[in-house]
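Architecture at a glance
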Amino acid sequence: MLALQNRNRVRLINLRIPVPSLQKLVMAIDGEFLILEFLNIEPPAKHNARLSLPPTFEAPQLRYLWLDYFINPIGSPFLSSAIGLVTLILRWIHTSTSVQPELFLRAISLLPHLEQLKISFMCAVPNSEIESILSHTPITIQVTLPNLRRFRFWGNSGYLETLLPHMTTPLLQMLNVNFFNQLSFSVPHLLRFMITTEHLRFSRARLLFYYEGVWMKLDNPLAGTVQARLTYFRANVACRHLDWQVSSIAQILNDLRPLLSSVTDLTLNYREHTLSSELHNEVDSTLWRE
């Protein structure tokens, strides 16, 4: 508490302590921190804490921001003044503590120097709920992030699909998407988002089937020879049954089919599952061919 009162001397704040103590300290992060460049607040365990920064907090020199389980940091006034932000990492428990896509896009549109963006939901959000949000607040903005190099998303495909048509990232190098288990996947906007990247040609595909999900990586062999290009694309689906894993990745790959014609190197990797082998043998061979 004493350190936080010396606002004109604090350059870095990194808090990883249990929520009861953290709530008290967060309230002390008020007023103007003139030289603060790094702010990282992470409870050590997933907790629906509904934390929020005081409305008087300001950090005009902030370059790195990582907040876990805050109610709505995007709506905080300080973010509009932190135009030099380079890294933004936000994790929410649920959409009730997150932000509507329109407001999120408007907020990041004010961050022209952003190079790394990571957003995560820690609990699955039904696509129907996302559709309900959009029916009340349709997206009307188009955002260009001229310096974004890395973008990582964790949540349901529906939320990502609402964002991507309204985002332009000419220098994107690394795209990483992580989905919760869903019965069906449809990611046409993911394809359109990637296909606008210059000099994109995947030559190698690697798929890993393991006890927590299925992981895929597509590599671009021309990476590094031109400044504006996607080096690799990663996708992960969190599901434990092998038949679900194969079905999920087949649906995603089907939507990305136009990007896969140049693949010449395919790796299928299987790690031991904790579920019985009988369940594994039920995988429809048609899904493997797809």
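This text gives an overview of the structure that appears in the document. (Residues numbered from 1 in each chain as written. Predicted model: local features only at pLDDT ≥ 70, side-chain atom pairs only at ≥ 80, totals over all residues. Heavy atoms only, no water.)

Topic: the overall build of the protein chain
Check the secondary structure of the protein chain and you find ten helices and 13 strands. For the protein chain, buried positions account for 49% of its 290 residues. Sequence-distant contacts in the protein chain: of pairs separated by 6 or more residues, those separated by 24 or more amount to 71%. (Helix = DSSP H or I, 4+ residues; strand = E, 2+ residues; numbered from the N terminus. Buried < 20%, exposed > 50% of the residue type's maximum accessible area, 1.4 Å probe, protein only. Contact = heavy atoms within 4.5 Å.)

So, the environment of Arg-106
Among the secondary structure elements, Arg-106 is positioned in helix α4 (residues 101–108). In this structure the C-alpha to C-alpha distance between Arg-106 and Ile-74, which are 32 residues apart in sequence, comes to 9.4 Å. Setting aside residues no more than four positions away along its own chain, Arg-106 makes contact with Thr-140 and Ile-141. One polar contact links Arg-106 to Glu-102, side chain to side chain, over a distance of 2.7 Å. (Polar contact = N/O pair within 3.5 Å; in protein donor to acceptor, adjacent residues only side chain to side chain.)

Considering the nonpolar core
Core analysis: the largest hydrophobic core is formed by 80 residues, its most contacted members being Ile-41, Leu-53, Phe-151, Leu-175, Met-194 and Phe-233. Looking at this core, the element that brings in the most residues is helix α8 (residues 242–255), giving five residues. With sequence-adjacent residues up to four places away left out, Phe-151 is seen in contact with Leu-117, Ile-119, Leu-160, Leu-164, Met-167, Leu-172, Met-174, Leu-175 and Asn-176. (Core = buried A, V, L, I, M, F, W, Y, C linked by side-chain atoms within 4.5 Å.)

Examining the packing of aromatic side chains
Applying the stated criterion to the full structure yields ten aromatic pairs. Ring pairing ties together the aromatic residues Phe-121, Phe-153, Tyr-159, Phe-179 and Phe-185, which thus form one cluster. The ring of Tyr-232 carries the charged tip of Lys-217 above its face, separated from the ring centre by 4.6 Å. (Phe/Tyr/Trp six-rings, centres within 6.5 Å; stacked < 30°, edge-to-face > 60°. Lys NZ or Arg CZ within 6 Å of the ring centre and 35° of its normal.)

Looking at the pattern of salt bridges
Overall, the coordinates contain eight salt bridges when judged by the stated rule. Put simply, Arg-11 and Glu-37 hold a salt bridge, and the shortest N to O gap is 3.6 Å. Placement of Arg-11 in the loop between α1 (2–5) and β1 (12–15) and of Glu-37 in the loop between α2 (19–27) and β2 (38–41) is noted, with a sequence separation of 26 residues between them. Asp-219 serves as the salt-bridge partner of Lys-217, at 3.5 Å between the closest nitrogen and oxygen. (Salt bridge = Lys/Arg side-chain N within 4 Å of Asp/Glu carboxyl O.)

Remarks on the layout of surface pockets
Taken as a whole, the largest pocket holds about 380 Å³ of empty space. Contributing to the lining of the largest pocket are 19 residues, with Leu-207, Leu-253, Leu-266, Trp-288 and Glu-290 lying nearest its centre. Put simply, the parts of the chain that give the lining of the largest pocket at least two residues each are β10 (204–210), β11 (213–219), α8, β13 (265–270) and α10 (285–289). Broken down by element, the lining of the largest pocket gets its largest block of residues, five residues, from α8. In the lining of the largest pocket, the residues fall into 15 nonpolar, one polar and three charged. (1 Å grid on protein atoms, 1.4 Å probe; cavity = no way out; pocket = protein on both sides within 12 Å on 5 of 7 lines; lining within 4 Å. Points joined across faces, edges and corners; volume = space filled by probe spheres on them. Nonpolar A, V, L, I, M, F, W, Y, C, P; charged D, E, K, R; others polar.)

Notes on helix α7 (residues 188–195)
Turning to α7, its buried residues are Leu-190, Leu-191, Phe-193 and Met-194. Considered in projection along α7, the buried side chains sweep an arc of 165° and stay on one side of the axis. Considering only its buried residues, α7 is in contact with α6 (157–163), β8 (167–168), β9 (174–180), β12 (232–238) and α8. (Arc of directions from axis to C-beta.)

Structural notes on a nonpolar patch on the surface
On the surface, Leu-266, Leu-268 and Trp-288 cluster together into a nonpolar patch covering about 330 Å² of accessible area. Within the element layout of this structure, Leu-266 appears in strand β13. (Patch = residues over 30% accessible without salt bridge, like charges linked within 9 Å, V, L, I, M, F, W, Y side chains within 5 Å. Areas by Shrake-Rupley, 256 points an atom, 1.4 Å probe, with all protein chains shown as cover.)

With respect to the pairing of β12
Of all seven residues making up β12, five are buried, and the element is well covered by its neighbours. Note that β11 and β12 share six bridges and pair antiparallel. Note that in β12 the partner of Trp-215 across the bridge is Asn-236. (Pairing = 2+ DSSP bridges.)

What to know about the environment of Ser-157
Following the sequence through the fold, Ser-157 ends up in helix α6. For Ser-157, a relative accessible area of 3% translates into the label buried. As a C-alpha pair, Ser-157 and Ser-184 span 27 residues in sequence and 9.6 Å in three-dimensional space.

Regarding the pairing of β11
Among the seven residues of β11, six are classified as buried, and the element is accordingly described as predominantly covered. Direction of pairing for β10 relative to β11: antiparallel, over a ladder of seven bridges. Residue pairing in the sheet places Leu-207 in a bridge with Met-216 of β11.

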